[in-house]
Every structure is written in C-alpha cells, then in structure tokens.
Amino acid sequence: MADQIPLYPVRSAAAAASRKRAAYYSAAGLGPGADWPSRYQLEDESAHLDEMPLMMSEEGFENDESDYHTLPRARITQRKRGLGWFVCGGWKFLCTSCCDWLINICQRKRELKARTVWLGYPEKCEEKHPRNSIKNQKYNVFTFIPGVLYEQFKFFLNLYFLVVSCSQFVPALKIGYLYTYWAPLGFVLAVTIMREAIDEFRRFQRDKEVNSQLYSKLTVRGKVQVKSSDIQVGDLIIVEKNQRIPSDMVFLRTSEKAGSCFIRTDQLDGETDWKLKVAVSCTQRLPALGDLFSISAYVYAQKPQLDIHSFEGTFTRVGLLDLELNHLTKALFVALVALSVVMVTLQGFVGPWYRNLFRFLLLFSYIIPISLRVNLDMGKAAYGWMIMKDESIPGTVVRTSTIPEELGRLVYLLTDKTGTLTQNEMVFKRLHLGTVSYGADTMDEIQSHLRNPYSQMQSQASGNTTGSTPPRKAQSSAPKVRKSVSSRVHEAVKAIALCHNVTPVYEPRAGVTGEAEYAEADQDFSDGNRTYQAASPDEVALVQWTESVGLTLVSRDLASVQLRTPGGQILTYCILQMFPFTSESKRMGVIVRDESTAEITFYMKGADVAMSSIVQYNDWLEEECGNMAREGLRTLVVAKRALTEEQYQDFESRYSQAKLSIHDRALKVAAVVESLEREMELLCLTGVEDQLQADVRPTLEMLRNAGIKIWMLTGDKLETATCIAKSSHLVSRTQDIHIFRPVTNRGEAHLELNAFRRKHDCALVISGDSLEVCLKYYEHELVELACQCPAVVCCRCSPTQKAHIVKLLQQHAGRRTCAIGDGGNDVSMIQAADCGIGIEGKEGRQASLAADFSITQFRHIGRLLMVHGRSSYKRSAALGQFVMHRGLIISTMQAVFSSVFYFASVPLYQGFLMVGYATLYTMFPVFSLVLDQDVKPEMAMLYPELYKDLTKGRSLSFKTFLVWVLISIYQGGILMYGALLLFESEFVHVVAISFTALILTELLMVALTVRTWHWLMAVAEVLSLGCYVASLAFLNEYFDVAFITTVTFVWKVSAITVVSCLPLYVLKYLKRKLSPPSYCKLTS
C-alpha cells in the first residue's frame, strides 16, 4: 500500500496525517487503455434483457436454464406524453422534478478535488479543512430552541394546540381563562425542552470524551501532546501501541527495523485480526524521527472517494407509534370539525355563524388531548429507566429515549458476525489424518507422538557431534512403506507450524525508554511474554495449538523461521518463497529449507474446494470436510511436496522471470506456482472453531420463534460466513442452503435468480459483489425472493451495502427493521435501521455510541425485545388510547350540554376544573399504566410466540381506536344526561354531579384497563381521589359546598357512575371468558 502513495520530495520524502474521513489511499487498478477481462463484455451482449422479465412464476422452468433466450418476453408499450399523460400523473412527475432541481441547487455540495498535503506544515495547506472532531450533537447554542420547537410543532397535535391557545388572545373567541390553554401547552414544551437538553448534554459529554483523547505530535521542538480534535491536515502524529488511529494517516515509519507494523481495521471493516502494513521506504530509512523535518516533501492525494471509510447517518428518530398516533390525531380533528359544523347547522347559521363555528372548535378542542405527547414522552423515559435498571441485562444503555416501543414491533433483525455473533477467538478443535482423528480430549496423544521423533533426532545429533559420521540425508532410494502414526503426526504438526504468516512479538522489558529503537538485549523472550500477530485469527489459533502440543514458534522474520521442539532444541528454516492467501486462490504456501538437513519442502494449506484437486487421490477428505462443516468448524487442508535442489532452482528461475513480465504478469506467476501444485502429499485436515458469543444459539432460536427474520451481513468471506451460520443455528440443520453463484452481468444474474426461485424454504448466501449486480437490474425481484427465505447471509459486504440492504427492506417489505453490530463498519447499518443496537466489545465503542440502545452481550437482545420491547409497545398503546378517551369523554359531555341548551357555545367546565381534570385529578392514575404488564417477564421469555402478535400492530389500530370512541360517547352521554335528569333546582348542581361522576369514572376505567396491579397504581388511585375530595373545599366558585356534603349528592353521583362503568365491566368479563387473549391462557 505504501508504495502506491505518490510522494513528491522537494529534497527527499515525508508523510502526514490527513483529514478525518477522507480517502487518502489509492488502490492499484487498470490504467487507461488496459484491456478489461472478457467477462465484462457480456454487459453489451445482455442488453436485450431489458425486454425480458424475470420469471416470477413456475412457468417456463422446464426450459434449459443455461439458455435465457428461450424465456418469455414482455411487451413494451411506449408512453405518449400529452394531455392525458399530464392529467393521469404527469403533473406529479413534473412537480417532483422541479422540487428535486431546486433542492439540488440549494444543497449543491462543494466539488471534491485532489489535494497537496505538506508534511509537518499544516499552514501550507491551500484549502481549509474541517476540524478533526467527532460531533453527534443535533443542535448548537443558537439552533437549540428553534430546532426543538420545530420538532414539536411539526406534529399536528402540538401545532393544533398552539393555534387554539393563540386564539384566546382574540376577545370574540375567548371562552375561558388564558391559563386553561397556555398552562398545559407550556408544561408540555417545558418537559420536552428539558428532555432534549439532557440528551443533548449527554451527547456533548460523549463527544468531548472522544475528542479529548491525547496524541503525541512531532514538531521541530520535539513531541507535544495534542487533543484528537486539534490534529490538522499535515501534522506528524506518533501513534503508540494499542492506541486508536485518530484520523486517516499515511504510514511513514515504525520502531521495527524492517518498517512493518500490524494494524487492526475493526472500525472500518469489522475484522479484528491484525494486518501487516509496511511504511514508506524512503522515510523508514531516515536515521531518527527528527530527520522528518530535515526533508521537505508533500503528498499529492486523490480526491475523496466513496469507500468503506465513509458512512451515512440520520438526524433524528421518530417511532412508528408516534406516526400512528399522529394519524389518529388527524382523524380526531376531522371529527372535531364535523361536530362543530353539525352544531352550527342545528343553530340554523344564525348571526355570525363563523364566529360560533370557531367557538365550537375551541369548546370541543379537548377531543385532541394536548397531554398525549407529554404522557407518551414521560412514559418512554420511564421505559428507558426500567431497561437500564434491569439486573438481567447489566450495562444496557438507552441512548435514544424516543423509540423504546419500536423494540416491540420488529420483523427483521440484521446482525453483524464478527464480534456480534462470534467472539472472533479461534480455538483448534480437530486434527484428522485420514485413518485417525484427534479431538480436544485426545491432544495429549499428539504430544506423546511428537516427543519420540524429536528425542530420536536430538540423540542422533548428539551422537554425530562425538563421532566422525556426517549427518545422513533422507534415503530417497529406499522402498516406500506405510508411515507410522507418530511420523504422520510429526509431519502434520511441523507443516502447520511452518505454513503461515504469523509473527511472534515480545514486549520490551519494563523501564526501557527512548525512541522505541530497542536492542535485542532489551527484549524478554520468555514464553509468557510472547504474543502472536497475523492477518487471520485462524492462523494464530493453529500456531497456538502447535505450541500447546510441544512445537513452538519462537522467531520469524522475512527470511527465516525458528521452532523449538519439546526437548528445547531450536530448528531453523530458511524461507525461500512465500505465496500469500488470496480470496481467489483460497490457499497459501511457503517453500522452506531445513538448515540442519538442507531439505527443501513446499508446504501448502487452503480450503478443501481449492486443495481437493491438488492433493493425491484419497477417499476420505470430502466426507470429513462435510462432517466438520456440519459441526460448524472452519476446515483447512494441509499438504506438502519435497523438492530437490534442481527442481527448486528451475522453479525459482521461472518464477523470477514471470514476475518481471510486463503483460499478464499475474497469470504467468500463477501458472508457475501451479506447476508445483501437483500430486501433493495430503498431510492432515484441521478444524478450527470460531467461538460464539454466550447463548447465541438459544437467543437466535427465541428470535425465530418470535417471528423475527434474521439476516447476517458480514465483511468476512463466504466460507466463514456459511460456517458461522450453521454453527450458530442461524440456519437450522434441516434447512438447505442456496449459495448464490458469483455473477458479473445482467445475464448471469437473470439465470441465477431463476435458479434460486426453484428452491423452497432454504437459506440464501450471497456475496456483496453479486448482490450489487442483482440490485442494479433486479432489485424488486431479489428482495421479494430474499424476504421469503427463513434466513439470509450476505458476505463481503461494505458498510454502504449494509445500510442499503436495510433501506431496501424498509421500502419493499414495509416492516420494522433492527440492526445490531459492534464495530465502526456497522454504524451506517445501525443508523439506517428503524432501531439500532450497538454492542460494546473488542472493536471499540463507535457502534455503541451511534446506536439507540447499547448492550454488552448479544444474548441480552432476547430480553430487550421479548420483555421490554413488548411491554413498552403495549403500555404506550394503552396509555395513548386512554389519554384520547379522557379527552373524548369530556368533549361528548360538552356536546350534549350544548345541544340541550339550544346549541349555545358556552363552556360546561371553566378555569381550574379543566386544568385539574387533565392534571391533578387523573394524571397519576393514567400515567401509572406504564407499570402495567399482561404476563411476567419469565413467561414472555419462555413463550416468544407472544411477541409475534405485536408485529401486526393490533394493540393500536383504527379498530381499537373506534372501540374507545364508542366507549367515550356512551360514558359521556350517560354522565351528562344523568346529571341533567337528576338535578333539581340549580345549574351548579349539574356541574357538581357530572364532574364528580366524571372523575370517578376515569379512576374506575383505569382500574378496568389494568391487567396486573402494581402498588404504585393503587397509590395513584387513592392519591388522585384524595386530592379531588380535598379540593372540593376550595372550589366555591364552581360547586355548592352545602349540596356536595348531602346524601342526595352522593347517591346521584354513585348511580351515574355505576351506570357508566358497570356494563363495560360485564362486557370485559364475558370477553375474557368466551374469547380470552393468548396471554390469559398462559397466566391461567
């Protein structure tokens, strides 16, 4: 990578830190005029597929799938653009186009250009770059109040009450005291502003913590400490071991003499394994760090590109429940207008009817309850507090307090693999030699087999030193005999210990300081101080296993490898050639020379699909690979080939010549290497397990039983993703897996989708490249087919692709999605989903900080959804509908009152009665519904099928809303007509009887709605009733105190209350007996 960075020295060379989130890395690609591979020419050949539909039925499957010319063709009709086109929808198209054009003009972004970055001199940068700071805040000091007010008044409910409150400043429209309307509105806004301020302050603290991390900056005067946010383009930054890289950087030099360094890219692609990077050679050769300022150089960086270094974000979140309640509010507004028009019509449009119409709109304005928003917001805050206080899921943090009920309506869960489902810790589990297999409980046998050959070798070596007989080479002319188990084990373990790219690393001794140019004398080479670094965790697991059985890797550089035997002898091997692993070849190899015997051996290991045709014939490899794969193990086939000196010299000359070729260099090099890959001796088959997170299997099974479809989106390779899908039981043992073949053009995608259509009830595994091609041409068809699968695995996905898949599901399926991940590469997916969950793990806290909910283990998602998500949704649905009922019932009473008294636009209750009704007298019992639960948490976890009912949204629908409307009309009518029927002399008695009965009815209705009583619910009921009774003594303006203390008042209020509530209690009892809900069957 370093050699591909254009470095332009004025006198020599240098490098620098670059702007945050800018793509400074240039990848090797085909230059101008280069010939593209012939497979890309199929794009033109498949152009006629525009007229060819993808088969979405069973017709035509008898045709040969390799001949897509035989598929039925669709008729193409040209649209004529005329008056008919304009009337039938063309006007909408033109308006949309004009709006898009205006938006593009207003939001035109600055053109991205290539940049020149001077090393160590930020002041020389020609263009101004933004600060290297992370900002997750939604507002600043100036936009906070306007932004919060806009977010509130964009909802119809709050905007409506703002208009109603402002109308009270008009004398002709005033129907009560100003505080009757402005006090509730002000309270709602105050609670909202306070909640947003707290959330904003928490975001500010999190950003400050990240931006305040200190780094060493190299200046002419030496090292200085700077904050991460103060790093500028062109600064020279010293990154210490185990320290996060604060921005995009060019790798200049390292303390390692060869200029190599292992880095981890978990924040970019989610892979926690170490990757080898090499510094720019000209700066690595400088004697000291200070010499970087003695040269003058700059980096010419290409313009920023859309790659894995970028991610998308969302500004804010609004839950589906809020949108549904907003729709119901609009329906209530229509009912409000209709009722007001009916009243004015029955008046006969007498006098200034328009003024009467507006007064009726104000009188019935309680149909739309302003307390709905504040009750729901306070309820969501309570749900968040309950989640964070749950001892069963410790460490869970609610970062977005506006959407906890979204956890109860999820249909699709999109999860990362590495660090989310797995721990990314590989453990060696199985060694198979063809005739014998070793597992975790028989590894001690391998140790005993290893001791014999190396003890004999050591005795021969000591004998040769005392005698005069030179060491003998292997007797190649001896007849071939069947090898013993010990010799086969020895060869297999030695091959595993040599064929890799693992480097042992030793920590410096304590107290060593300086410029990090440590001498060998300062190193501690003990076993306890050694760690292994490699590009793949699989290889580290293999080397750690060879160490556990007695053959230890103690040293490695670019030219040699040293192993220590069980007896303590050091074996040295020269590395002659190294063939790294690639996703195309699916194998890696090494040619080494044993310094003690001068034997040259070619070792190779790789996937079974690549190695099966390379090794000698055998009858067990394919079967055992299948057995290990079913156990969820990642398999590697290990083989070797002995080379003579003449064979190697011939290979080296051809290999060097191929590497110097100008044309088709890669093909020629591969052909030379393949000349060695023939009839290799099969040594063993290894099985490595990627350890799953705790309780991943039962958690995934619980989510499937709850009706949640799980998609795994990972940047890992196909074989690994498929293996984890099996081992985690994401794909059950009885389900088939359809691996989508690689496609590069429309024709191939067309055929492969038709082949996939034939499969039924099978999981889909598809790579990111094939997914991109299919989405380009057959987006709707692919998503439709994938949504029918029980599970989907997308491998080699970039962060942008992950976010795109989430959006496709939202658009085509129309269901709620949840994304869970633990790395920076998962942020785009998490923020694109309706609900984002981040896991704090080895890959840092970036995903956790960007998510709506943060958990510490994947298994916690089960309780988070089944218990808290389900309860939050059902509680919010009940709370929202009950608050609407509270407004509807008093509006019904106002309508009856006005109709009885000649449709007069006079308020029934004024002043404090209206304020107290919505706050002091009924607020606490109604809000206590956030403590209600239909089943215990243990029951919800045991029967996840209960969760499936919520995804249909039946807890809050127009059906349940209409039921509450009918209840409100019935009770409001009974209360008002009963009071008018039973009052005797004065009108003030009507107010006293009806209002007291109204308060008692509301308290009884709360008790009717509750399914499981909590002691705080009883306290709220008693407290509210006590407050009302106590306040009667101070309400002389509204009540006749002498009347409300009589027995007549008590029996009339009791009779009206019983008539309004008793029938509903009877109906609820009969419904539970005749058609009990599912949770009632479980609780009984």
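Bear in mind the structure is a predicted one, so any value in this text is a computation, not a measurement. (Residues numbered from 1 in each chain as written. Predicted model: local features only at pLDDT ≥ 70, side-chain atom pairs only at ≥ 80, totals over all residues. Heavy atoms only, no water.)

1. As for the overall build of the protein
Test applied: Every helix listed is a DSSP run of H or I at least four residues long, and every strand listed is a run of E at least two residues long, numbered separately from the N terminus. The classification of residues rests on relative accessible area computed with a 1.4 Å probe and restricted to protein chains. Under 20% of the type maximum is buried, over 50% is exposed, and intermediate values are partly exposed. Residue contacts are counted whenever heavy atoms from the two residues lie within 4.5 Å of one another.
Regarding its fold elements, the protein presents 36 helices and 28 strands. When each of the 1084 residues of the protein is scored for burial, the buried share is 50%. Taking the intrachain contacts of the protein between residues at least 6 apart in sequence as the baseline, contacts between residues at least 24 apart amount to 74%.

2. Section: the sheet that holds strand 22 (residues 709-713)
Heads up, the rule is: Strands pair, by our definition, only if DSSP identifies at least two bridges between them.
Pairing is mixed across the open sheet formed by nine strands, whose spatial order is 9-28-27-26-10-22-25-24-23. Edge positions in the sheet fall to strand 9 (397-398) and strand 23 (736-739), since each has one partner strand and no second. Two elements, strand 9 and strand 28 (residues 853-855), share two bridges in a ladder whose sense is antiparallel. In the strand pairing of strand 28, V398 is matched with F853.

3. A short note on the sheet that holds strand 16 (residues 560-564)
The strand order across the open sheet built from nine strands is 12-11-21-20-19-18-17-16-15, with neighbouring strands paired in antiparallel fashion. If you trace the sheet from one side to the other, it starts and ends with strand 12 (437-438) and strand 15 (552-556), each paired once. Pairing of strand 11 (residues 422-432) with strand 12 involves two bridges; the strand directions are antiparallel. Each residue of the ladder has a partner; that of L431, found in strand 12, is Y438.

4. Side note on a positive patch on the surface
Stated precisely, the cut-off is as follows: By definition, no residue in a patch forms a salt bridge, and every one has over 30% relative accessible area; like charges are joined within 9 Å, nonpolar side chains (Val, Leu, Ile, Met, Phe, Trp, Tyr) within 5 Å. Accessible surface area values rest on a Shrake-Rupley calculation with a 1.4 Å probe, where residue burial reflects the displayed protein chains alone. Whenever Lys or Arg places a side-chain nitrogen within 4 Å of a carboxyl oxygen from Asp or Glu, that contact is recorded as a salt bridge. Here the positive residues are Lys and Arg and the negative ones are Asp and Glu; neither His nor the chain ends is included. One atom stands in for each charge, and that atom is NZ of Lys, CZ of Arg, CG of Asp or CD of Glu.
On the surface, a cluster of positive charge is contributed by K948, K952, R954, K959 and K1071. Position of R954 relative to the elements: it lies in the loop between helix 30 (945-948) and helix 31 (958-982). Judged by its relative accessible area of 58%, R954 is exposed.

5. Here's the deal with the nonpolar core
As a reminder, the rule being used: The nonpolar core is taken to be a set of buried Ala, Val, Leu, Ile, Met, Phe, Trp, Tyr and Cys residues, with the residues joined through side-chain atoms within 4.5 Å. Delimitation of the domains relies on an automatic or database domain assignment.
Judged by nonpolar contacts, the single largest core of 53 residues is most densely connected at F364 and I368. Elements represented by at least two residues in this core include exactly helix 4 (156-167), helix 5 (178-211), helix 8 (320-347), helix 9 (353-363), helix 10 (371-388), helix 26 (860-900), helix 31 and helix 32 (987-1009). Examining the composition of this core, we find that eight residues originate from one element, helix 26, more than from any other. Residues lining this core come from more than one domain, with at least three contributed by each of domain 1 (130-211) and domain 3 (321-394 + 868-1081). Excluding residues that lie within four positions of it along the chain, F364 makes contacts with L336, L339, S340, M343, S891, Q894 and A895. By size, the runner-up hydrophobic cluster in this structure holds 41 residues, among which are M426, V493, Y532 and L636.

6. Section: the packing of helix 5 against helix 10
For clarity, the threshold we go by: Axes here mean lines fitted to C-alpha atoms, for a helix over just the part in contact, with angles spanning 0 to 180 degrees between N-to-C directions. By definition in this entry, angles of less than 35 degrees are roughly parallel, angles greater than 145 are roughly antiparallel, angles of 65 to 115 are roughly perpendicular, and the rest are oblique. Two helices crossing with the near one rotated counterclockwise from the far one by less than a right angle form a left-handed crossing, whereas a clockwise rotation gives a right-handed crossing. Think of it as three bins: nonpolar holds Ala, Val, Leu, Ile, Met, Phe, Trp, Tyr, Cys and Pro, charged holds Asp, Glu, Lys and Arg, and polar takes everything else, Gly as well.
Direction vectors running N to C along helix 5 and helix 10 enclose 30°, while the axes themselves pass 9 Å from each other. It follows that helix 5 is roughly parallel to helix 10 by the angle criterion. As for the relative orientation of helix 5 and helix 10, their crossing is left-handed in sense. Seen from helix 5, the contacting residues are F187, V188, V191, T192 and R195; seen from helix 10, they are V374, D377 and M378. Residues belonging to the contact of helix 5 with helix 10 are distributed by class as follows: five nonpolar, one polar and two charged.

7. Details of the packing of aromatic side chains
Defined as follows: A pair of Phe, Tyr and Trp rings is counted when the ring centres sit within 6.5 Å of each other, with Trp represented by its six-membered ring. The angle between the planes then sorts it: under 30 degrees is stacked, over 60 is edge-to-face, the rest tilted.
Going through the model one piece at a time under the given rule, you end up with 19 aromatic pairs. Look at F579 and F651: their rings are 6.1 Å apart centre to centre, the planes differ by 85°, and that puts the pair in the edge-to-face class. With F579 in strand 17 (residues 570-579) and F651 in helix 16 (residues 645-659), the pair connects residues that are 72 residues apart, well separated along the chain. Summarising the burial analysis for this pair, F579 and F651 share the class buried. Taken together, the ring pairs connect Y909, F912, Y917, Y921, F995 and Y1028 into an aromatic cluster.

8. Looking at the pattern of salt bridges
Counted by the stated rule, this structure contains 27 salt bridges. Ionic pairing is found between D826 and K802, a salt bridge with its closest N-O pair at 2.9 Å. Of this pair, D826 sits in the loop between strand 26 (816-821) and helix 24 (827-832) while K802 is found in helix 23 (residues 799-812), placing the two residues 24 residues apart along the sequence. K802 shares its class with D826; the two are buried.

9. Details of helix 16
Put simply, the rule is: Here the expected length of a helix is defined as 1.5 Å per residue gap, with one fewer gap than residues. The reported arc concerns the directions from the helix axis to the C-beta atoms and nothing else.
With 15 residues, helix 16 ought to run about 21 Å at 1.5 Å a step, and its terminal C-alpha atoms sit 21 Å apart, in line with that. All buried positions along helix 16 are accounted for by Y648, F651, Y655 and A658. Burial along helix 16 is one-sided: seen end-on, the buried residues are contained in an arc of 90°. Away from its buried face by more than 90 degrees, helix 16 exposes E646 and Q657.

10. Structural notes on the side chain of S872
Structurally, S872 can be placed in helix 26. Its relative accessible area of 3% is what places S872 among the buried residues.

11. Here's the deal with the pairing of strand 18 (residues 587-594)
Counting buried positions along strand 18 yields seven of eight residues, so the element is predominantly enclosed. Sheet topology places strand 18 next to strand 19 (residues 600-606); seven bridges connect them, and they run antiparallel. Each residue of the ladder has a partner; that of I591, found in strand 19, is F602. Turn length for the strand 18-strand 19 hairpin, with the two strands adjacent in sequence and antiparallel, is five residues, and the turn residue A598 shows positive phi of about 65°.

12. A look at unusual backbone geometry
Phi is positive for H729, close to 65°, though the residue is something other than glycine. Within the secondary structure, H729 is located in the loop between helix 19 (718-727) and strand 23. For H729, a relative accessible area of 27% gives the class partly exposed. Phi is positive for D761, which is not a glycine, with a value near 50°. Considering the arrangement of structural elements, one finds D761 in the loop between helix 20 (746-757) and strand 24 (762-767).

13. Concerning the confidence of the model for the protein
Basically, it comes down to this: A score from 0 to 100, pLDDT tells how confident the predictor is in each residue.
Of all residues in the protein, 81% attain a pLDDT of 70 or more, and the chain-wide mean is 78. When mean pLDDT is taken per element in the protein, strand 19 scores highest with 94 and helix 1 (residues 42-45) scores lowest with 38. The low-confidence segment residues 1-80, where pLDDT is below 50, has 175 contacts with residues more than four positions distant or belonging to other chains. Counted against residues more than four places away or in other chains, residues 308-316, with its pLDDT under 50, gives 22 contacts.

14. Examining the packing of helix 21 (residues 768-777) against helix 23
Running from N to C, helix 21 and helix 23 point in directions that differ by 45°, and their axes come no closer than 12 Å. Classified by the angle their axes make, helix 21 and helix 23 are oblique. Seen from above, helix 21 lies across helix 23 with left-handed handedness. Facing G768, L771, E772 and L775 of helix 21, the residues of helix 23 in contact are Q801, H804, I805 and L808. Each residue belonging to the contact of helix 21 with helix 23 can be placed in one class, and the counts come to four nonpolar, three polar and one charged.

15. Points about a nonpolar patch on the surface
Taken together, the side chains of Y177, Y179, F912, L920, F924, W1015, L1016, V1019 and L1023 define a hydrophobic patch exposed on the protein surface, amounting to about 830 Å² of accessible area. A per-element tally of the nonpolar patch places helix 33 (residues 1015-1031) first, with four residues. One can find W1015 in helix 33. Taking the relative accessible area as the measure of exposure, W1015 reaches 60% and is therefore exposed.

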